[in-house]
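Topology and contacts: notes
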Amino acid sequence: MSTTADPVALGVKSPVEEALVVKTTTTVANAIAKTVAVISSTVSSSSTTGATSTPTPTFSSSTTSTSTPTPTPIQSSSPTLENAGEEKLSVKDLSQALQHFGIVDYMVFIAMLAVCAVIGFYFGFIEKKQKKQKLADKDGGGAAGVEERRGSEALDYLVGGRQMKVFPVALSLVASFVSGISLLGTSTEIYVYGTQYAFILVTLAISGAISWYIFLPVFCNLQLTSTYEYFELRFNKSVRLLGSAFFTVANLIWLPIVIYVPALAFNQVTGINIHIITPIVCLVCIFYTTAGGLKAVVWTDVIQTVIMIGAVVFVIIKGTYDVGGLGVVIQRNFDSGRIEWPEFTFDPKVRMSMLALVVGSVGHNTYQFGCNQMMTQRYMSLPGVKQMAHTSFIFVFGLILLYGLCIYNGLLLYATYFDCDPLTTKLAAAKDQLVPLLVVQSMTSFPGVPGMFVAGVFSAALSSLSTGMNSLAAVFLEDYIRPLRKKPLTEHQTAVTMRVCTVIIGVVSVALVFVVERMGSHVMQLAITIGSVVQGPLLALFSMGLLCPSINSKSAIVGSLVSFFFMGWLSLSAQVAINSGEIYSETKPVSIDGCDYEFDRSLVTPANATFLSEESANLSFAEQLYHISFMFYTVMGGTVGVIVGHLAGFIFGRNERGDVEDELLSPCTRRSKSMYSSVNLNENSIKSPNEKS
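Calculation notes
- Residues numbered from 1 in each chain as written.
- Predicted model: local features only at pLDDT ≥ 70, side-chain atom pairs only at ≥ 80, totals over all residues.
- Heavy atoms only, no water.
- Helix = DSSP H or I, 4+ residues; strand = E, 2+ residues; numbered from the N terminus.
- Expected span 1.5 Å × (residues − 1).
- Buried < 20%, exposed > 50% of the residue type's maximum accessible area, 1.4 Å probe, protein only.
- Salt bridge = Lys/Arg side-chain N within 4 Å of Asp/Glu carboxyl O.
- Disulfide = S-S within 2.5 Å.
- pLDDT = per-residue confidence, 0-100.
- Contact = heavy atoms within 4.5 Å.
- Phe/Tyr/Trp six-rings, centres within 6.5 Å; stacked < 30°, edge-to-face > 60°.
- Axes fitted to C-alpha atoms, helices over the stretch in contact; angles between N-to-C directions.
- Parallel < 35°, antiparallel > 145°, perpendicular 65-115°, else oblique.
- Left-handed = near helix turned anticlockwise from the far one by under 90°.
- Nonpolar A, V, L, I, M, F, W, Y, C, P; charged D, E, K, R; others polar.
- Bend = angle between axes of the 7 residues up to and from the residue.
- Core = buried A, V, L, I, M, F, W, Y, C linked by side-chain atoms within 4.5 Å.
- Lys, Arg positive; Asp, Glu negative; His and termini not counted.
- Polar contact = N/O pair within 3.5 Å; in protein donor to acceptor, adjacent residues only side chain to side chain.

Moving on, we get to helix α9 (residues 166-177). If you check α9, its first and last C-alpha atoms are 17 Å apart, about what 12 residues at 1.5 Å a residue would give, namely 16 Å. A large share of α9 lies buried, amounting to 11 of its 12 residues. Those residues of α9 that sit buried are V166, P168, V169, A170, L171, S172, L173, V174, A175, S176 and F177.

Structurally, F514 is set in helix α23 (residues 513-517). On the basis of relative accessible area, F514 is assigned to the partly exposed category, the value being 44%. Sequence separation of F514 and H275 is 239 residues, and the distance between their C-alpha atoms is 8.1 Å.

Our focus in this paragraph is the pattern of salt bridges. As enumerated under the stated definition, the model contains 8 salt bridges in all. A salt bridge links D479 to R240, with the nearest nitrogen and oxygen atoms 2.7 Å apart. Of this pair, D479 sits in helix α21 (residues 449-484) while R240 sits in helix α13 (residues 237-270), and the two are 239 residues apart along the sequence. Residue D479 shares its accessibility class with R240, and that shared class is buried. One salt bridge in this structure joins R482 and E478, with 2.9 Å as the shortest N-O distance. Of this pair, R482 and E478 both sit in helix α21, 4 residues apart, roughly one helical turn. By relative accessible area, which is 33% here, R482 ends up partly exposed.

Take the state of the cysteines next. Any covalent bond linking the sulfur atoms of two cysteines counts as a disulfide. Counting across every chain of the model gives 1 disulfide. One disulfide in the model links C420 with C595; its S-S distance is 1.9 Å. Linking C420 and C595, the disulfide has an S-S dihedral of approximately 110 degrees and is accordingly described as right-handed. Of this pair, C420 sits in the loop between α18 (385-416) and α19 (422-425) while C595 sits in the loop between α25 (553-580) and α26 (621-626), and the two are 175 residues apart along the sequence. Accessibility expressed as a relative area gives 5% for C595, which makes it buried. For the unlinked cysteine C548, the closest cysteine sulfur is that of C668, found at 9.9 Å.

The pLDDT averaged across the protein chain works out to 76; a share of 75% of its residues lies at or above 70. Every residue in residues 1-86 scores below 50 in pLDDT, and together they form 242 contacts with partners more than four places removed in sequence or on other chains. Here residues 607-615 is a poorly scored stretch, pLDDT under 50, and it has 13 contacts once near neighbours within four places are set aside; other chains count.

Before going further, it helps to spend a moment on unusual backbone geometry. Residue Q223 is not a glycine yet carries a positive backbone phi of 50 degrees. Judged by its relative accessible area of 2%, Q223 falls in the buried class.

So, about the environment of T490. Tracing the sequence through the fold places T490 in the loop between α21 and α22 (491-511). Once the C-alpha coordinates of T490 and E153 are considered, the two residues, 337 residues apart in sequence, prove to be 9.3 Å apart.

This paragraph deals with the packing of aromatic side chains. A complete count under the given rule lists 21 aromatic pairs for this structure. Here F231 and F542 contribute two aromatic rings whose centre-to-centre distance is 4.6 Å and whose plane-to-plane angle is 40 degrees, an arrangement assigned as tilted. Of this pair, F231 sits in helix α12 (residues 229-234) while F542 sits in helix α24 (residues 523-547), and the two are 311 residues apart along the sequence. You'll find F231 and F542 in the same group, each marked buried.

What follows covers the packing of α21 against α22. With their axes 9 Å apart at the nearest point, α21 and α22 run at an angle of 125 degrees to one another. It follows from the interaxial angle that α21 and α22 lie oblique. Both α21 and α22 take part in a crossing whose hand is right-handed. Residues L465, M469, L472, A473, F476, L477, I481 and R482 of α21 pack against T494, T497, M498, C501, T502, I505, G506 and S509 of α22. Across the contact of α21 with α22, the residue classes break down as 10 nonpolar, 5 polar and 1 charged.

Turning our eyes to something else, we now look at helix α11 (residues 200-222). The terminal C-alpha atoms of α11 lie 31 Å apart, and with 23 residues this matches the ideal 33 Å at 1.5 Å per residue to within 8%. Bending of α11 peaks at approximately 55 degrees at the position of L216, with proline P217 no more than four residues after it.

Glancing now at the nonpolar core. Most often, soluble globular proteins have nonpolar side chains that are buried together. Residues F109, M112, Y191, Y230, F395 and F542 are the most contacted members of the largest nonpolar core, which totals 164 residues. Ignoring any residue separated from it by four or fewer positions in sequence, one finds F109 in contact with F101, F266, V281, V454, A455 and F458. Counting residues in hydrophobic clusters, the runner-up holds 7 residues, among them Y157, L158, L477 and M498.

Along the polypeptide, E229 turns up in helix α12. Salt bridges are absent for the buried E229, whose nearest opposite-charge side chain, R240, sits at 4.5 Å. In terms of polar contacts, E229 uses its side chain to reach the backbone amide nitrogen of T225, at 3.4 Å.

Encoded structure:
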């Protein structure tokens, strides 16, 4: 799925004549010494069938059976291909030769895994032993008693004893939020659909402000290890279990997608099957997460964030230099119509409109920032509100910076391949394989850099995986195991239970990669679409609890369950429609006029092809619903849940104003408008669900 830098430059710099005079074997062997690409073994095998050509090249689209309604006209001449066929490099030759990883690249990649394992070993064994020795040297009672409580197994493993530092936690939040899905998918989004998605940079700041002023004050005051303990305080134990179940399902859906993306990269550059490399790499992640707990997760996230950002910055600088500078990048994208504002329309079926970004993206990210256990657990690891505020600011700023780099990388992708689209030629067999292809183009002369990029993509995935496992272990312990136990767990039982849960979660996530492999669609869209099945109901539950004091537990359960089934139907119907070709999104024009390697042009979709589509007026009400932009899905699920919860109040009754304590409501709905003033981060002030009257 890759190419070489000099003789075969994908129509960027090398003329056709230069490519024809270089021997194929020597060219590929020298040019791809240090390469990286993304492609699955199953796709690779199908994309290289045939003697000298790839399977049917089509324009990139959101479906597997349709193409963009306005592709760039493609001129194809069979006699010309026949005359040049013996001298030009074929896509098959490139794809087979690109499965190569140099010694330096392997060393960089292994070094990243080794550092993560060492961090886990340190916090799991050395630091823990030192802490026990320190406590043993102290006298009992007084401050030592509080210190000993801070050193309890669950508190130390799940929230780092509430003594973590601001900057590492902020970087951990960035690493956890930006998985390989975002790292590769955001750039692909810009290349295929244009800069409409870039407006997300503004919505990230809005989402951060909303989560800090509406959702996080409650969780910070209550100091809960599991966010879903809130549901028992606000409603009852049944709602808590329901919310925990939603979160569990959401992560078991999301984590396999996170693992799958970097596994594709490693598969192509080494030829190792994804189902071999995935368990090996995830075993390292399971080890350091199981051994070191949250401290290991946070500090490995710091290392992985540095690698991730470094890899992206290096690729951007070198790639921009190769195409001729920033002005060339902007001009080529402007000429192709890729630089544009989101469409100003109130039609929710428009894939990436201003409405979809302002409403849909803000709602989705507000849930992620303020209600997601993986985020709130990091905030709970900090010693005070001041540190939480600083962390929140650095997190949002870092997120905007990293997304900005990924968005610019998407512009760089088009500037590099503006006259030879690798998706059309099938050099890139899927949309999310474009960024690694750029790495091949730019970094072949820098030993170790492709390895750093693969390590960066894997770092993004491992940080999300470790965070997910640690957060699920917290939920399993606090929401499933402890409430069902008649006797409290001992420290030893707690330690064993948390680590067993972490291992089981990791193994299940790796196994579910087999399922993800069979699913189509662009990974960013797939993650949001499938994740909304449970994120929508969870957003509804948190909104009803924090913002709607009149809604009681029965109404909340009914609303969230209706939302769950509705979003399940919506997401499934949309995914089926995408895969069948019923739903497609118009992509930006591409060209293959400058391609200087051989590919099968015989079945390339012509510009004047007729595309079947249904007018919106002819769609039924159900079809209108699942044709709505995927950006709205989480907000739709939350809205449906809240509306049904209010309607259920006519059957199950409503709470009186005084029935709900102020500390369980968002500051904007409290009778007293205090926000964080009641926070007291002493361990003895932590509220337990059992204290509820």
